[in-house]
Amino acid sequence: MTGRTPAPFTVDDYRARMGRAALAAADAGLAGLLVAPGPDLVWLTGYAPPAATERLTALVLAPGRDPVLVVPALEAPDAALSTGAPALTLRDWTDGKDPYALTAELLTPDGRFGVSDNAWAMHLLGLQKALPGTSYASLTDALPMLRAVKDAAELDLMAAAGAAADATFEDIRKVRFAGRRESEVAADLARLLREHGHEQVDFTIVASGPNGANPHHEIGDRVIGHGDMVVLDFGGLKDGYGSDTSRTVHVGEPTEEERRVHDIVREAQQAGFAAVRPGAACQDVDRAARAVIEDAGHGPHFIHRTGHGIGVTTHEPPYMIEGEERELVPGMCFSVEPGIYLPGRFGVRIEDIVTVTEDGGRRLNDTTREMVIVD
Ligand code: ZN
Ligand code: ZN
Ligand code: ZN
């Protein structure tokens, strides 16, 4: 699909985003930004090239100058159809011409530029060769908050993606778990996410029994058994915006201990959510969730950060982690997802996407956080 432009955005939205990005670059001491195809380009212009190719496509943003999109001639007609196109100048290049020389004309020869993290090395090397005086910084390092604060239309899309993930959970809790492989339940999750409107499925974690104790376990051929805890963690993109939710279910009646551990994680998730408000630091969310787990004696079993940002990708800054002192701002969206992992036995994780409001937080996932018993 070309464009992948979510409907509610207008050329003015893209013009404003490009203008803000150029100013933020200047504030960060950069001469400008070089944006490669991917989430940054989609967010700034609404343009997603038909496929990743070896031909250079780059948006050049510099303060006080009109945005320029360098694009292969054969893809220029597509680029011209994107919603943001009227707000930028297209500079196309034909095969056999040197796209780096063309792009170099747009750059300050000794400037430092922010570059999309997913830019191809061959393109950056080509530019460095054309302009040896330039230097480059990771765009995510230089401007981590560029896409962090969502506007009202973006929040609507985030909420719709969250609701679709919730509908997926309501469906998956009714399927059979016992006797089926993790990979089969994961396939159900992927199908349901698509049925509920996701155009892209990023992950469908089904981690049963001892596999649940490994937060990196995705799926395998383990046959889910009666008595298993099963961590479900799934998400993707719906209309260009991300979902990501986790619930931990149990096949049949849980033991006392399984219930207790699940309760601790639920309480920790609630504490993390309760810490969300404008002006709080990202690390406060981590601390609030972690304190509950540490007080319960499971500190060593909570082995990852409490959350990550989400938007046009499913994992991005800001991160809810000790040492991240950046302040929460209304419109930010991120996960709150504490967990307890008992090696060789089972794991529990509960995850909602939360957005910062004027006076607190709002969950974009709202299925029950009580332990769900499945068959
Ligand atoms: Zn059990
Ligand atoms: Zn997740
Ligand atoms: Zn997550």
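The structure presented is a predicted model; accordingly, all values stated were derived computationally and were not measured. (Residues numbered from 1 in each chain as written. Chains lettered and ligands numbered in written order. Predicted model: local features only at pLDDT ≥ 70, side-chain atom pairs only at ≥ 80, totals over all residues. Heavy atoms only, no water.)

Undergrad: Summarise the coordination of the zinc ion (ligand 2); cite the residues concerned and give the values.
TA: Every protein donor of the zinc ion (ligand 2) is accounted for by Asp233 (OD), Asp233 (OD), Asp244 (OD) and Glu351 (OE), and the metal-donor separations fall at 2.0 to 2.5 Å. In this structure, the zinc ion (ligand 2) lies 3.0 Å from the zinc ion (ligand 3), and both are coordinated by Asp244. Within this pair, whereas Asp233 is found in strand 8 (residues 229-238), its partner Glu351 is found in the loop between strand 15 (346-349) and strand 16 (352-356), the two being separated by 118 residues in sequence. One exposure class covers both Asp233 and Glu351, and it is buried. (Donors = N, O, S within 2.8 Å, 3.2 Å for Na, K, Ca; no water. Helix = DSSP H or I, 4+ residues; strand = E, 2+ residues; numbered from the N terminus. Buried < 20%, exposed > 50% of the residue type's maximum accessible area, 1.4 Å probe, protein only.)

Undergrad: A description of unusual backbone geometry should follow, citing residues and the corresponding values.
TA: Cis geometry marks the peptide bond from Pro317 to Pro318, where omega comes out at 0 degrees. Mapped onto the fold, Pro318 is located in strand 12 (residues 316-320). Of note in this structure, Asp239 is not a glycine but carries a positive phi near 50 degrees.

Undergrad: Can you break down the coordination of the zinc ion (ligand 1) residue by residue, with the values?
TA: Binding of the zinc ion (ligand 1) to the protein goes through Gly227 (O), His250 (NE2), Glu258 (OE) and Glu258 (OE), at separations of 2.0 to 2.4 Å. Around the zinc ion (ligand 1), the four donor atoms sit at angles spanning 58 to 166 degrees, and that spread fits a shape best called irregular. Read in sequence order, the donor residues for the zinc ion (ligand 1) give the motif G-x22-H-x7-E. Given a relative accessible area of 0%, His250 falls into the buried group. (Tetrahedral: all angles 85-135°; square planar, octahedral: opposite > 155°, others 65-115°.)

Undergrad: Tell me what's going on with the packing of helix 7 (residues 152-172) against helix 8 (residues 182-195), and back it up with residues and numbers.
TA: Contact geometry for helix 7 and helix 8: axes closest at 9 Å, N-to-C directions at 140 degrees. Judged on the interaxial angle alone, helix 8 and helix 7 are oblique. Crossing angle aside, the handedness with which helix 7 passes helix 8 is right-handed. From helix 7, Ala165, Thr168, Asp171 and Ile172 reach across to helix 8, where they touch Val185, Asp188, Leu189, Leu192 and Leu193. (Axes fitted to C-alpha atoms, helices over the stretch in contact; angles between N-to-C directions. Parallel < 35°, antiparallel > 145°, perpendicular 65-115°, else oblique. Left-handed = near helix turned anticlockwise from the far one by under 90°. Contact = heavy atoms within 4.5 Å.)

Undergrad: Lay out the packing of aromatic side chains with the relevant residues and their values.
TA: Under the criterion given, the structure shown has three aromatic pairs. Look at Phe9 and Tyr14: their rings are 6.3 Å apart centre to centre, the planes differ by 65 degrees, and that puts the pair in the edge-to-face class. Considered together, Phe9 and Tyr14 belong to a single accessibility category, that of buried residues. An aromatic cluster is defined as three or more aromatic residues linked by ring pairs; in this entry it consists of Phe9, Tyr14 and Tyr241. Sitting over the face of the ring of Phe302, Arg290 holds its NZ or CZ atom 4.0 Å from the ring centroid. (Phe/Tyr/Trp six-rings, centres within 6.5 Å; stacked < 30°, edge-to-face > 60°. Lys NZ or Arg CZ within 6 Å of the ring centre and 35° of its normal.)

Undergrad: Give a detailed account of the pattern of salt bridges, specifying residues and quantitative values.
TA: Taken as a whole and assessed by the stated rule, the structure comprises 27 salt bridges. When the shortest N-O distance is used, the salt bridge between Arg17 and Asp151 registers 3.8 Å. You can see Arg17 sitting in helix 1 (residues 11-27) and its partner Asp151 sitting in the loop between helix 6 (139-142) and helix 7, a full 134 residues away along the chain. Under the relative-accessibility criterion, Arg17 is labelled buried at 3%. As a salt-bridge pair, Arg147 and Asp40 come within 2.9 Å of each other at their nearest N and O atoms. Of this pair, Arg147 sits in the loop between helix 6 and helix 7 while Asp40 sits in helix 2 (residues 39-45), and the two are 107 residues apart along the sequence. Among the residues examined, Arg147 registers a relative accessible area of 12% and is labelled buried. (Salt bridge = Lys/Arg side-chain N within 4 Å of Asp/Glu carboxyl O.)

Undergrad: Can you tell me about the nonpolar core, naming the residues and giving the values?
TA: Core analysis: the biggest nonpolar cluster contains 32 residues, and Leu33, Leu44, Leu59 and Leu69 have the highest contact counts within it. Only helix 1, strand 1 (32-35), helix 2, strand 2 (58-61), strand 3 (68-72), helix 3 (76-81) and helix 7 provide two or more residues apiece to this core. When residues in this core are grouped by element, the largest group, four residues, is from helix 1. Inspection of this core shows a minimum of three residues originating in each of domain 1 (11-142) and domain 2 (152-374). If we ignore the near neighbours within four places in the chain, the residues touching Leu59 are Met18, Leu33, Leu34, Val35, Leu41, Leu44, Thr45, Pro67, Val68, Leu69 and Leu88. Listed in part, the 20 residues of the second largest apolar core include Ile172, Phe177, Val206 and Ile224. (Core = buried A, V, L, I, M, F, W, Y, C linked by side-chain atoms within 4.5 Å. Domains from an automatic or database assignment.)

Undergrad: Residues and numbers for the domain arrangement of the chain, please.
TA: Here the domain parsing of the chain yields domain 1 (11-142) and domain 2 (152-374). Here domain 1 and domain 2 have C-alpha centroids that lie 35 Å from each other. If you look at the interface, domain 1 gives four residues, while domain 2 gives five residues. The junction of domain 1 with domain 2 conceals about 330 Å² of combined surface from both sides, 71% of it contributed by carbon and sulfur atoms. (Buried area = accessible area lost by both parts, 1.4 Å probe.)

Undergrad: Kindly report on the sheet that holds strand 2, identifying the contributing residues and their values.
TA: Pairing is mixed across the open sheet formed by six strands, whose spatial order is 4-3-2-1-5-6. Of all strands in the sheet, those with a lone pairing partner are strand 4 (89-93) and strand 6 (135-138), marking the two edges. Neighbouring strand axes in the sheet, compared pairwise and without regard to direction, differ in orientation by 25 degrees on average. The sheet contact formed by strand 5 (residues 112-115) and strand 6 spans four bridges and is parallel. Bridge assignment links Phe113 to a residue of strand 6, and that residue is Tyr136. (Pairing = 2+ DSSP bridges.)

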